[in-house]
Amino acid sequence: MPTSSIVVIHIMSTSYSGSTWVNCLLGGHSESFSIGELKNIQRMGRPFCDLHGDDCPLWTRFDHPDHKTPFHQLHLFTNKRYLVVNNSRKFIHYQQEPGIESRFIHLIRDGRAVAASRLRKLPKVTMGHVARQWAHNVRRSQ
């Protein structure tokens, strides 16, 4: 593997599985950058940062007119080789771009623990609904 390649680490998981924690843990390394969920970055057709808002020093430069892929742009802006992203199914086609290598972590938390977390936060849903949704999402991320 050439040292100049970008390595995108995709964390595939269901909700309430600990993917945010794993993303932050891996993104804390000096050679990596934690993206989180790419779908949450695009709001109203432009990048948005929950922490800095419109004054974000990174995301205000994102989506340059040179039309590089999001991963190439992030590598360019952060100077990090490893980019960690959660649930990036809609962005998988970028892994075929030259200079990008993808690695996948399929994170599965026990369905009972996921259901307990969801039922605490969403008391109006049923256990059956949560269990079916968990099973569907696990199959989809595989």
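Look above for the structure.
Residues numbered from 1 in each chain as written. Predicted model: local features only at pLDDT ≥ 70, side-chain atom pairs only at ≥ 80, totals over all residues. Heavy atoms only, no water.

I'd love a proper account of the nonpolar core, names of residues and values included.
Counting residues in hydrophobic clusters, the biggest one holds 15 residues, and the most contacted among them are Phe33, Ile35, Leu58, Phe71, Leu74 and Leu83. Of all elements in the fold, only β1 (6-13), β2 (32-37), α3 (70-78) and β5 (82-86) reach the threshold of two or more residues within this core. Of all the elements, α3 adds the most residues to this core, at three residues. When neighbours within four sequence positions are excluded, Phe33 is seen to be in contact with Gly27, Leu58, Trp59, Leu74, Thr78, Lys80, Tyr82, Leu83 and Val84. In terms of nonpolar packing, the next biggest core, distinct from the first, is built from five residues, Val7, Ile11, Val22 and Val84 among them. (Core = buried A, V, L, I, M, F, W, Y, C linked by side-chain atoms within 4.5 Å. Buried < 20%, exposed > 50% of the residue type's maximum accessible area, 1.4 Å probe, protein only. Helix = DSSP H or I, 4+ residues; strand = E, 2+ residues; numbered from the N terminus. Contact = heavy atoms within 4.5 Å.)

Provide a residue-level description of empty space enclosed by the protein, including the pertinent values.
As enumerated under the stated definition, the model contains one cavity of 30 Å³ or more in all. There is about 50 Å³ of room inside the largest cavity. Lining the largest cavity, in full, are Thr14, Ser15, Val114, Arg118, Val130, Gln133, Trp134 and Asn137. Of all the elements in the fold, those that place two or more residues in the lining of the largest cavity are α4 (111-121) and α5 (127-141). Top contributing element to the lining of the largest cavity by residue count: α5, with four residues. Counted by class, the lining of the largest cavity contains three nonpolar, four polar and one charged residues. (1 Å grid on protein atoms, 1.4 Å probe; cavity = no way out; pocket = protein on both sides within 12 Å on 5 of 7 lines; lining within 4 Å. Points joined across faces, edges and corners; volume = space filled by probe spheres on them. Nonpolar A, V, L, I, M, F, W, Y, C, P; charged D, E, K, R; others polar.)

Please set out α3 residue by residue, giving values where relevant.
Those residues of α3 that fall on the buried side of the exposure criterion are Pro70, Phe71, Gln73, Leu74, Phe77 and Thr78. Taken down its axis, α3 places every buried residue within 160° of arc, on the same side. Asn79 sits one or two positions beyond α3 and adopts a positive phi of about 60°. (Arc of directions from axis to C-beta.)

How would you summarise unusual backbone geometry if you had to cite specific residues and measurements?
In this structure, Tyr16 is a non-glycine residue whose phi angle is positive, near 65°. Residue position: Tyr16 is located in the loop between β1 and α1 (19-27). Here Asn79, not a glycine, exhibits a phi torsion of approximately 60°, which is positive. Positionally, Asn79 belongs in the loop between α3 and β5. Classification of Asn79 as exposed rests on a relative accessible area of 65%.

Give a detailed account of the sheet that holds β1, specifying residues and quantitative values.
Reading across from one edge, β2-β5-β1-β6 is the order of the four strands in this open sheet, with parallel pairing throughout. Both outer strands of the open sheet, β2 and β6 (100-107), are each paired with one neighbouring strand and no more. Pairs of neighbouring strands in the sheet enclose a mean axial angle of 20°, with direction left out of account. Bridge analysis of β2 against β5 gives five bridges, and the strand direction is parallel. If you follow Ser34 over to β5, its bridge partner there is Val84. Contacting β1, β2, β5 and β6, α1 runs over the sheet at an angle of about 160° to β2. (Pairing = 2+ DSSP bridges. Axes fitted to C-alpha atoms, helices over the stretch in contact; angles between N-to-C directions.)

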